[in-house]
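# Descriptive analysis of the structure
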Amino acid sequence: MHGQRGPAAGRRNATGAGGDDGTPLLPVSGAVLRGDPRLAESVRRIGAAHGVDYFDDAAVARMLEKHRRTVGKAQEGPVVWLGALVLAVGLVWLLWVGLGGAGRTAFEDPGAVAARFGPPTGVLLLGVAGTVVFHRRGMRALRHPVLVGYRQVLATAKAHGVPLVYVPGWLTGSTGTRSAVPLPDVSGPDVPAPDVPGPDGTPLPAGAPGHAGHAGHARSGVVPAVPPKPAEVAEYERLASGGGWHDEAGWVLLAAGAVAVGWAVLEREPVGYAGVLLGVLGVWVWLAGAARGRRERRLREHAVAYVRRLREAQRAGAAVPELSAPLLELLREG
């Protein structure tokens, strides 16, 4: 009722994927990868092994978009849904036949039992085989050499203390709880500690002036700045992280109030009329949620603009920090 998520208008502009001719926001830019000579050499070796220039932001963006679509078709295409439907039909059919004939199976000859259970078992096995084939096809798409190399680049950058803006879920086959092909573990003598002590002995965050990740910019005397986060964006993150529970709570309170009043009328129990207070509380929760939703929609425009500024800063060579979950959601919507 209160619309915790705004309309889709302007979503394509959140990352620049559809709003202009610029490169969308990448997990890490080529300029940042070049900043640390050791990291740059590692990325250069990975690129040479896979035939890709991972420093070319435009080429990387095109590569990611191409393979994102390929992985999506392999994992979520209409043929995949058809296979899942066949699997469900086979399972339901087998259960129906088994439960329906449970009382007479023991008295039937093997031929009759095979005639009854054979077709649904065949359909079930066909669905299982299709599921296995589709899963292997999706894994094969995720293990394309170009994507393997890019995961190595991201893991190497992370090991060198370079912040990753985000890691695309489709790139690692993430299901929310686990990843089918996570970023590889990168370690070795050429990989420095993620944090470099500053002049006062405190660690400098990755991407900050003076950190190894900005060595290249420091030599040129130009350190691109990351746009400061406006207060409106921080407020949007707080509201979006809170979730949209007002509708559910309002319905529960109204239902509880209605049940209480109904009980009071049927059983002539005056105490049940206190359920009216629950109904009033439910309406108040709805109104509070509506006000929260309107404010979140207004702040969303500030958040979209901030993500766009981050993209522009990344194109200029800045090391963009990791996005929060609400901002990452805007990026995915783009």
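It should be emphasised that the depicted structure is a prediction, and the values quoted were computed from it without experimental measurement.

Turning our attention to the overall build of the protein. If you tally the helices and strands in the protein, you get 12 helices and two strands. A burial count over the protein gives 38% of its 334 residues as buried. Sequence separation of 24 or more characterises 75% of the internal contacts of the protein that already satisfy a separation of 6 or more.

On to the nonpolar core. Grouped together as the largest cluster of nonpolar side chains are 32 residues, with contacts concentrated most on Leu33, Tyr54, Met63 and Tyr150. Looking at this core, the elements that each hand over two or more residues are helix 1 (30-35), helix 2 (37-50), helix 3 (57-76), helix 5 (110-142), helix 6 (145-159) and helix 7 (169-172).

So, about the packing of aromatic side chains. Geometrically, a pair of aromatic rings is defined through the distance of the ring centres and the angle of the planes. Per the stated rule, a full pass over the model turns up one aromatic pair. Relative to Tyr150, the ring of Tyr54 has its centre 5.9 Å away and its plane inclined at 35°; by these criteria the two rings are tilted. You can see Tyr54 sitting in the loop between helix 2 and helix 3 and its partner Tyr150 sitting in helix 6, a full 96 residues away along the chain.

So, on to the layout of surface pockets. Looking at the second largest pocket, its volume works out to about 420 Å³. The wall of the second largest pocket is formed by 17 residues, among which Val71, Gln75, Glu76, Gly173 and Ser174 lie closest to the centre.

Within this structure, the stated rule accounts for seven salt bridges. Arg68 is the salt-bridge partner of Glu65, the closest N and O atoms lying 2.7 Å from each other. One end of the pair, Glu65, and the other, Arg68, are both in helix 3, three residues apart, so they sit about a helical turn from each other. Assessed through its relative accessible area of 30%, Glu65 is described here as partly exposed. A residue is classified by how much of its surface remains accessible, and Arg68, at 38% relative accessible area, is partly exposed. Across the pair Arg295 and Glu235 runs a salt bridge whose closest N-O atoms are separated by 3.8 Å. In this pair, Arg295 sits in helix 11 (residues 275-315) while Glu235 sits in helix 9 (residues 231-242), placing the two residues 60 residues apart along the sequence. On the basis of relative accessible area, Arg295 is assigned to the partly exposed category, the value being 36%. Within the structure, one salt-bridge network assembled from shared partners comprises Glu41, Arg44 and Arg45.

This part covers the packing of helix 3 against helix 6. Packing of helix 3 against helix 6 brings their axes to within 11 Å, and their N-to-C directions diverge by 120°. Between helix 3 and helix 6, the interaxial angle falls into the category oblique. When the axes of helix 3 and helix 6 are compared, the crossing they make is left-handed. When helix 3 is examined against helix 6, the residues Val60, Met63, Leu64, His67 and Val71 are found in contact with a partner set consisting of Val146, Leu147 and Tyr150.

The next point concerns the side chain of Thr156. As for its placement among the helices and strands, Thr156 is situated in helix 6. Excluding its chain neighbours within four sequence positions, the residues that come into contact with Thr156 are Leu39, Ser42, Ile46 and Val186.

Time to look at the environment of His302. As for its position among the elements, His302 is in helix 11. Taking the C-alpha atoms as reference points, His302 and Pro230, separated by 72 residues in sequence, lie 8.2 Å from one another.

The next subject is helix 6. When the terminal C-alpha atoms of helix 6 are compared, their 21 Å separation across 15 residues agrees well with the 21 Å that a helix rising 1.5 Å per residue should span. Counting buried positions over the 15 residues of helix 6 gives 11, a clear majority of the element. Among the residues making up helix 6, those that are buried are Val146, Leu147, Gly149, Tyr150, Arg151, Val153, Leu154, Ala155, Thr156, Ala157 and Ala159. Against helix 1, helix 2, helix 3, helix 5 and helix 7 lie the buried residues of helix 6.

This part covers the side chain of Ser42. With respect to the helices and strands, Ser42 occurs in helix 2. With near-sequence residues (within four places) excluded, Ser42 lies in contact with Thr156 and His160.

Mean pLDDT over the protein: 76, with 76% of residues reaching 70 or higher. The model gives residues 1-21 a pLDDT under 50, and that stretch makes 54 contacts with residues more than four places away or in other chains.

Attention now moves to the environment of Val165. Turning to its location among the elements, Val165 is positioned in the loop between helix 6 and helix 7. Overall, Val165 belongs to the buried group, its relative accessible area being 1%. Through-space distance from the C-alpha of Val165 to that of Leu328 is 8.8 Å; in sequence the pair is 163 residues apart. If we ignore the near neighbours within four places in the chain, the residues touching Val165 are Leu25, Leu26, Pro27, Gln314, Val320, Pro321, Glu322 and Leu323.

Attention now goes to helix 5. Taking 1.5 Å per residue, 33 residues should reach 48 Å; helix 5 reaches 46 Å between its end C-alpha atoms and fits that length. Maximal helix bending in helix 5 amounts to about 40°, located at Gly118; proline Pro119 follows within four positions. All of the buried residues along helix 5 are Arg116, Pro120, Leu124, Gly127, Gly130, Phe134, Gly138, Met139, Ala141 and Leu142.

Let us now look at the packing of helix 2 against helix 6. At a minimum axis separation of 9 Å, helix 2 and helix 6 run at an interaxial angle of 170°. Taken together, the axes of helix 2 and helix 6 lie roughly antiparallel to each other. Every residue of helix 6 that contacts helix 2 at Leu39, Ser42, Val43, Ile46 and His50 is listed here: Pro145, Val148, Gly149, Gln152, Val153, Thr156 and Ala157. Of the residues in the contact of helix 2 with helix 6, the class split is seven nonpolar, five polar and no charged.

Procedures and definitions
Residues numbered from 1 in each chain as written. Predicted model: local features only at pLDDT ≥ 70, side-chain atom pairs only at ≥ 80, totals over all residues. Heavy atoms only, no water. Helix = DSSP H or I, 4+ residues; strand = E, 2+ residues; numbered from the N terminus. Buried < 20%, exposed > 50% of the residue type's maximum accessible area, 1.4 Å probe, protein only. Contact = heavy atoms within 4.5 Å. Core = buried A, V, L, I, M, F, W, Y, C linked by side-chain atoms within 4.5 Å. Phe/Tyr/Trp six-rings, centres within 6.5 Å; stacked < 30°, edge-to-face > 60°. 1 Å grid on protein atoms, 1.4 Å probe; cavity = no way out; pocket = protein on both sides within 12 Å on 5 of 7 lines; lining within 4 Å. Points joined across faces, edges and corners; volume = space filled by probe spheres on them. Salt bridge = Lys/Arg side-chain N within 4 Å of Asp/Glu carboxyl O. Axes fitted to C-alpha atoms, helices over the stretch in contact; angles between N-to-C directions. Parallel < 35°, antiparallel > 145°, perpendicular 65-115°, else oblique. Left-handed = near helix turned anticlockwise from the far one by under 90°. Expected span 1.5 Å × (residues − 1). pLDDT = per-residue confidence, 0-100. Bend = angle between axes of the 7 residues up to and from the residue. Nonpolar A, V, L, I, M, F, W, Y, C, P; charged D, E, K, R; others polar.

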